[in-house]
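Chain residues, written in single-letter form:
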Amino acid sequence: MTTTSNETSPEASRVSHNDMANAIRALAMDAVQKARSGHPGMPMGMADVATVLFTKFLNYAPQAPDWPDRDRFILSAGHGSMLLYALLHLTGYEDITIDEIKNFRQLGSKTAGHPEYGHAAGIETTTGPLGQGLANAVGFALAERHLNTTFGDDLVDHFTYVIAGDGCLMEGISQEAISLAGHLGLSKLIVLFDDNGISIDGAIDLTDSTDQLMRFEASGWITTRVDGHNPAEIEAAILAAKKSDKPTLIACKTIIGFGSPNKQGTAATHGAPLGEDEIAAAREKLNWPHAPFEIPAEIQAAWRQAGTRGKPALESWTARFNSTATEIQAEFNRRQKGTLPEELEPAVNSYIGTLIADAPKLATRQASQNILAIINETVPETLGGSADLTGSNNTKTASLKNIATGSFDGRFIHYGIREHGMAAAMNGLALHGGIIPYSGTFLVFADYCRGAIRLSALMGQRVIYVMTHDSIGLGEDGPTHQPVEHLASLRAIPNLNVFRPADAVETAECWLAALQSQDRPSLIALTRQGLKAVRRKIEPESLSAKGAYELLPADGEAQVSLFATGSEVGIAVKARTHLQRDNIATRVVSAPSWELFDVQPEAYRQQILGTAPVRVGIEAGVEMGWNKFINNDGIFVGMDSFGASAPASDLYKHFGITADAVVEAAKAKL
């Protein structure tokens, strides 16, 4: 007979809380020992907290792991990954078998050293870089509240739980995350703080004396402290947190490596196997006489029963969903699948036709806002924002209402000066499902976002970073704000599409390509300064979607190929005019996205690279990476130093990024 949360099997009824928690501890210490690496201390210390959460509160369904209204569990302290893997195995997630537990940290396993999204059902996000999971959770919780305003309690009404450690709270991103969550009043966000007082180097008081409860309270949270090994206290605290009108931090005072008689409470359990002798001693102390990786049938049954606790809620949700109006079901499913509205591409293409007819001179940040107005009217799941640069990034369109404290029906988030927290929250928004997040800051501040951008790419999430003021062209703000090395460093991140459009038409095409890239993030680098239109005729397909294309052909057999991106495409066009006037056949290639170009067929790439004996790359950034277009013997016209404070036109002349400089260099090479 199948047990449900309302039925107790005879075997399970004899199992205590300690038995269930010790199953987690045993799997953690055994897996780490077999792998000869890992972090047993955190899973052993937080086993009691996790057992209470998974057996009494968390709404989840191993048999339907993608159920949209499940509670989300985020292991921000990702080094303690065996806690999550043990829970997933014990509760019946098919992906995490006992063999996967035994294969912990091995090549090809689903049980990587840190949890990796996409490896197995039940892993909601990739964690390991400390603080990222906590900041992701803000996005998860915000997504839940926003979608609740659209689809109501019947379809969207769940909690986000986080386990975070001292390291998560020391990272600067944590303050950005918790202050935003507190300000917005994300009351369905509950953080369980593994307050074990230990980091790799030793006791926390070696490096930190922060009163975390006071810190969270100052940021608008409810806080409480419990004995992390007292199930009744843990249960009471979570129950109270669920009734709160603010986000809640529960500081769980735990002993790292709980059960290890000679190492518990010390850094020795943090990041290394306990050793065979210590594991044997721990088995005796915990009254766990079972062989490595062996879970007694009655304890396994108790955990599998816990894995069914969400089944009634799932069935009730399914019934409510099925009784919902057909058009609402269709819209909900479309958003969850990430499918774009059919109307989007025709709307963008129609607007491109208008741009080609009008040929406006616009900063691409303004062109971005114009196409966003069409996108936001057509794609209701976009959720925009800015890190206190709304008027500069141009990410807010007229139809967007602000999300504000306790009011989540808007579609624009004022993130404040929290670039890293913003980027990580967008990862959570995307991972939750049903939302396409985008937000803006200056390109130079991509450095502040980089940890989260890298994780967007690693997880393959459709997050769109709008990065304006993309070169020395921003002018007088000077070298602190002028990105020079940023495009090259961002292009070095695998699975990240970097776009740098040259005019309003390319900007529209790049936005469409970013939205259509469902399995990866995109970064769109945009200008402060106005750019003349370079695309002057309607094409049967998006040229920017090819990554690079011939904008202007040579008159005759090409002697010079000019490759450029963004604002420097206009310089290439002007240089071509001068060269051809001197009977030097010259072509211009615009390359708005190197990543999209790299995946084109070889024949197309060779066609675009061409056979001209002289190749020139032009970009107001460093040369790194340009050899893919100009080979190692080509000419690069760009930056090899930081910028300076001056009007943009003066800076381009000062640094030699001009049509005259391109002409002179090309002629010298011929």
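Cut-off values and rules
- Residues numbered from 1 in each chain as written.
- Predicted model: local features only at pLDDT ≥ 70, side-chain atom pairs only at ≥ 80, totals over all residues.
- Heavy atoms only, no water.
- Salt bridge = Lys/Arg side-chain N within 4 Å of Asp/Glu carboxyl O.
- Buried < 20%, exposed > 50% of the residue type's maximum accessible area, 1.4 Å probe, protein only.
- Pairing = 2+ DSSP bridges.
- Helix = DSSP H or I, 4+ residues; strand = E, 2+ residues; numbered from the N terminus.
- Axes fitted to C-alpha atoms, helices over the stretch in contact; angles between N-to-C directions.
- Contact = heavy atoms within 4.5 Å.
- Expected span 1.5 Å × (residues − 1).
- Core = buried A, V, L, I, M, F, W, Y, C linked by side-chain atoms within 4.5 Å.
- Right-handed = clockwise from strand over helix to strand, strands pointing away.

Visitor: Could you clarify how one ought to interpret the pattern of salt bridges in this entry?
Guide: Any two side chains of opposite charge can pair, given that their charged atoms come close. Scanning all chains against the criterion turns up 27 salt bridges. Across the pair D409 and K401 runs a salt bridge whose closest N-O atoms are separated by 2.9 Å. Taking the relative accessible area as the measure of exposure, D409 reaches 41% and is therefore partly exposed. The network of salt bridges with common partners includes E144, R145, D157 and K188.

Visitor: Explain the sheet that holds strand β16 (residues 549–552) here, please?
Guide: To summarise the sheet geometry, strands pair through backbone hydrogen bonds and adopt either a parallel or an antiparallel arrangement. The mixed open sheet is built from five strands, whose spatial order is β16-β18-β17-β19-β20. Each of the sheet's edge strands pairs with one partner strand only, and the pair in question is β16 and β20 (635–637). Taking the axes of each pair of neighbouring strands and ignoring which way they run, one obtains an average angle of 30° across the sheet. Bridge analysis of strand β17 (residues 560–564) against strand β18 (residues 586–590) gives five bridges, and the strand direction is parallel. Paired with V560 across the strands is T586, a residue of β18. Strand contacts of helix α24 (residues 602–609): β16, β17, β18 and β19 (614–618), with the helix running at about 130° to β18, the strand carrying the most contacts.

Visitor: Can you help me understand the sheet that holds strand β7 (residues 248–253) in this one?
Guide: Spatially, five strands are ordered β1-β2-β3-β7-β6 in an open sheet, and the strand pairing comes out parallel. Each having just a single partner strand, β1 (72–75) and β6 (222–227) make up the two edges of the open sheet. The mean inter-strand angle of the sheet, taken between neighbouring strand axes irrespective of direction, is 20°. Pairing between β1 and strand β2 (residues 160–165): four bridges, direction parallel. For L75, the partnering residue across the bridge sits in β2 and is I163.

Visitor: How should I be thinking about helix α21 (residues 504–516) in this particular structure?
Guide: What sets the pattern is the α-helix's 3.6 residues per turn: residues three or four places apart point alike. When the terminal C-alpha atoms of α21 are compared, their 18 Å separation across 13 residues agrees well with the 18 Å that a helix rising 1.5 Å per residue should span. All of the buried residues along α21 are A504, V505, E506, T507, A508, E509, C510, W511, L512, A513, A514 and L515.

Visitor: Teacher, can you tell me more about the nonpolar core here?
Guide: For soluble globular proteins, the rule of thumb is that nonpolar side chains tend to be buried together. Ranked by internal contacts, the top residues of the largest apolar core, which has 132 residues, are M82, W303 and L523. Apart from residues no more than four positions distant in its own chain, L523 is found in contact with L443, I453, Y465, M467, L490, L496, N497, V498 and F499. In this structure, Y549, A564, A572 and L651 belong to the second largest nonpolar core, which totals 46 residues.

Visitor: Explain the pairing of β7 here, please?
Guide: Side chains on a regular strand alternate between the two faces of the sheet. A large share of β7 lies buried, amounting to five of its six residues. Both strand β3 (residues 189–195) and β7 contribute to a ladder of six bridges, which runs parallel. Note that in β7 the partner of F193 across the bridge is A251. One ladder, built from six bridges, connects β6 with β7; its direction is parallel. Opposite T223, over in β7, you have L249 as the bridge partner. This β-α-β element, β6 to helix α10 (residues 231–242) to β7, shows right-handed connectivity.

Limitation: the analysis is restricted to geometry and does not speak to function.
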